[in-house]
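Below, each chain spelled out in residue letters.
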Amino acid sequence: MDSSLFVLLSILIFVAANMPCFAAVQDDPTSRIMQDFSGYPEEEHFHGLLDSETFFVDKESLEHQIDELSSFSDSPPPSVTRILYSMNDVLARSLMEGAGLRVREDAVGNIFGRWEGSNPELSAVATGSHIDAIPYAGKFDGVVGVLGAIEAINVLRRLAFKPKRSLEVIMFTSEEPTRFGIGCLGSRLLAGSATLAETLKGLVDNQNMSFEEAAKTAGYTGSLKHLDSVSLPKGAYFGFVELHIEQGPLLEEEGIPIGIVTAIAAPASIKVDFKGNGGHAGAVLMPDRSDAGLAAAELALAVERHVLESGSVDSVGTTGVMEIHPGAINSIPSKAHVEIDTRDIDEERRNVIVHKIYQSALEIAERRKVILSEFNIVNQDPPALSYESIIKEMELAAQQLDLKYKLMISRAYHDSLFMARISPMGMIFIPCYKGYSHRPDEYASIDDISSGVKVLALTLAKLSSN
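Residues numbered from 1 in each chain as written. Predicted model: local features only at pLDDT ≥ 70, side-chain atom pairs only at ≥ 80, totals over all residues. Heavy atoms only, no water.

1. Digging into the overall build of the protein chain
Then step 1. Within the protein chain, the secondary structure is distributed over 16 helices and 17 strands.
Then step 2. For the protein chain, the accessible surface area stands at approximately 21,200 Å², while carbon and sulfur atoms represent 55% of it. (Helix = DSSP H or I, 4+ residues; strand = E, 2+ residues; numbered from the N terminus. Areas by Shrake-Rupley, 256 points an atom, 1.4 Å probe, with all protein chains shown as cover.)

Rendered as structure tokens:
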């Protein structure tokens, strides 16, 4: 037989024998769903997919996981207290292990769970939030963005969806500044902060335990030596989307289930110390006093005044910590420690407020005959803008789910503020009861959480297919 004819016949036999396989690939539901999520299918085809019984959030399981996680707390229910590197913080971190993802941790405890895509060499799409909680907080802040992200991946798995880009859930370490006074510690380090790395070497908590010692008790030995390994290069992710409760009242008041964040306000944190002479509350006459406590109280009022003078509703200021020494009813305070938080969506206006607070601290110290021993701007971060293309994908997802949404600004800061330095960023808000947050009665309904998870799932699917 002619060799060319033999080759041709062999090819025909191979094709005939494998026709069912080719047909199976052609009809593979994974391939079809990949096309559906790519953004190119006809609109009615896409809505048909969303109506299918396989597109659902397992509300019962998700609600149970939120309740279970809230049990890892240093305060009684309904409050949640979960401080960085505490025993309950360490125990709660294990939740990622049962998510069916490839898990890794970095030197400070940021935890990453990856669902490998069909093109793993492409930069991944990330989502996530935090699970630490300030003293006597609620059980939804941050947690919705971690457990909700894992459930969003489960939604896609139930659809037999296969991402092109890998999807990664990040559980950030220490979003709250409770223990060492620095918010978004994990995401700041991911974004690469040489000054923060140096600052951490000198930080101690209120029990005089250093950051390195605290990290070691949680199993992160030698964390300071390996800080360089934590930072990620710009472009490490194709995009980052965070699901979060609003922590404000607007969505609930307006009856809107989804908020699409366009920008995150710029925060600044300040630590102030005054020193006076102290003395006996009865023996030292009023004209002779140098009362550090009154200096701190007056500065707190000055913060309020300077914020209101800005003329913008977007300017806010809070004196959230005020400690006086020795703290006895019959003793004039000889020391006072104050911690101030001020924020604005306008960085320049925020900086003007910070400067005015400093000038007031100097003036108060001089007039009250006390020493301004410290005025430390712990952080003074710029605002972050959500990426336009991610905003569009979130809007499209809400529209395809027939969910009303609102474009809005986040006046609370989140890990997304720093992830925006690494990759394009977006945020999805859901309503919470009366806007309450950082308190035990913080609440988000499972239906609202479910709506947020669905918008997140579709957004991740679209981004991962890009």
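2. Side note on the pattern of salt bridges
Then step 1. Overall, the coordinates contain 23 salt bridges when judged by the stated rule.
Then step 2. Through salt bridges with shared partners, one network takes in E298, E363, R367 and R368. (Salt bridge = Lys/Arg side-chain N within 4 Å of Asp/Glu carboxyl O.)

3. Considerations on the packing of aromatic side chains
Then step 1. If you walk through the whole model with that rule in mind, you get eight aromatic pairs.
Then step 2. Seen in terms of ring centroids, F172 and F240 are 5.8 Å apart; in terms of plane orientation they differ by 70 degrees. Their pairing is edge-to-face. Of this pair, F172 sits in strand β6 (residues 167-172) while F240 sits in strand β7 (residues 237-245), and the two are 68 residues apart along the sequence. The exposure classification of F172 matches that of F240, with both residues buried.
Then step 3. On the numbers, 5.5 Å between centres and 70 degrees between planes, the contact of F180 with F211 is edge-to-face. A residue pair is termed long-range when its members are at least 10 positions apart, and F180 in the loop between β6 and α8 (185-191) and F211 in helix α10 (residues 211-217) qualify at 31 residues.
Then step 4. Assessed through its relative accessible area of 7%, F180 is described here as buried.
Then step 5. Look at F211 and you get buried, because its relative accessible area is 0%.
Then step 6. The structure contains a cluster of three or more aromatic residues connected by ring pairs, namely Y85, F180, F211 and Y220.
Then step 7. Just above the ring of F56 sits the side chain of R158; from NZ or CZ to the centre is 4.2 Å.
Then step 8. Directly above the aromatic system of Y436 lies the positively charged group of R439, at a separation of 3.5 Å from the ring centroid. (Phe/Tyr/Trp six-rings, centres within 6.5 Å; stacked < 30°, edge-to-face > 60°. Buried < 20%, exposed > 50% of the residue type's maximum accessible area, 1.4 Å probe, protein only. Lys NZ or Arg CZ within 6 Å of the ring centre and 35° of its normal.)

4. Section: the sheet that holds strand β14 (residues 371-380)
Then step 1. What the four strands build is an open sheet, ordered β11-β13-β9-β14; its pairing is antiparallel. The two strands at the open ends of the sheet, each matched to only one other strand, are β11 (316-325) and β14. Between one strand and the next, the sheet's axes are offset by a mean angle of 15 degrees, whatever the strand orientation.
Then step 2. Packed on one face of the sheet, helix α12 (residues 292-309) meets β9 (266-275), β11 and β13 (335-344) and runs near 180 degrees to β11.
Then step 3. Lying over the sheet, helix α13 (residues 347-367) contacts β9, β13 and β14, oriented at roughly 170 degrees with respect to β14. (Pairing = 2+ DSSP bridges. Axes fitted to C-alpha atoms, helices over the stretch in contact; angles between N-to-C directions. Contact = heavy atoms within 4.5 Å.)

5. Some details on empty space enclosed by the protein
Then step 1. Tallied over the full model, the rule gives three cavities of 30 Å³ or more.
Then step 2. Each pocket or cavity is described by its volume, and for the largest cavity that value is around 60 Å³.
Then step 3. Lining the largest cavity we find 14 residues, and of these D132, A133, A137, G138 and D141 sit closest to its centre.
Then step 4. For the lining of the largest cavity, the element with the most residues is strand β5 (residues 133-137), which contributes three residues.
Then step 5. Along the lines of polarity and charge, the residues of the lining of the largest cavity split into six nonpolar, two polar and six charged. (1 Å grid on protein atoms, 1.4 Å probe; cavity = no way out; pocket = protein on both sides within 12 Å on 5 of 7 lines; lining within 4 Å. Points joined across faces, edges and corners; volume = space filled by probe spheres on them. Nonpolar A, V, L, I, M, F, W, Y, C, P; charged D, E, K, R; others polar.)

6. Let's talk about α13
Then step 1. Taking 1.5 Å per residue, 21 residues should reach 30 Å; α13 reaches 30 Å between its end C-alpha atoms and fits that length.
Then step 2. Where α13 is concerned, the buried positions are R350, I353, V354, I357, S360, A361, I364 and A365. Viewed along the axis of α13, the buried residues span an arc of 125 degrees, placing them on a single side of the element. Turned more than 90 degrees off the buried face of α13, the exposed positions are E348 and E366.
Then step 3. Taken together, the buried residues of α13 touch β9, α12, β13 and β14.
Then step 4. Where α13 begins, the side chain of D346 points an oxygen toward the backbone nitrogen of E348, at a separation of 3.0 Å.
Then step 5. The positive-phi residue at the C-terminal boundary of α13 is K369, with phi of around 60 degrees. (Expected span 1.5 Å × (residues − 1). Arc of directions from axis to C-beta. Polar contact = N/O pair within 3.5 Å; in protein donor to acceptor, adjacent residues only side chain to side chain.)

7. Side note on the packing of α12 against α13
Two measures define how a pair of helices packs: the angle their axes make with one another and the distance between the axes.
Then step 1. Following both chains from N to C, one finds α12 and α13 inclined at 150 degrees, their axes separated by 9 Å at the closest point. Overall, the two elements α12 and α13 adopt an arrangement that is roughly antiparallel. Between α12 and α13 lies a crossing whose hand is right-handed. Touching A295, E298, L299, A302, V303, R305, H306, V307 and E309 of α12 are I353, K356, I357, S360, A361, I364 and R367, all from α13.
Then step 2. For the contact of α12 with α13, a count of residues per class yields nine nonpolar, two polar and five charged. (Parallel < 35°, antiparallel > 145°, perpendicular 65-115°, else oblique. Left-handed = near helix turned anticlockwise from the far one by under 90°.)

8. A look at the packing of helix α5 (residues 59-70) against helix α16 (residues 446-464)
Then step 1. Interhelical geometry of α5 versus α16 gives an angle of 110 degrees and a closest axis separation of 10 Å. As summarised for this structure, α5 and α16 are arranged roughly perpendicular, according to the angle between their axes. Together, K59, L62, E63 and I66 of α5 and I446, D447, I449, S450 and V453 of α16 make up the contact between the two elements.
Then step 2. For the contact of α5 with α16, the residue count by class is five nonpolar, one polar and three charged.

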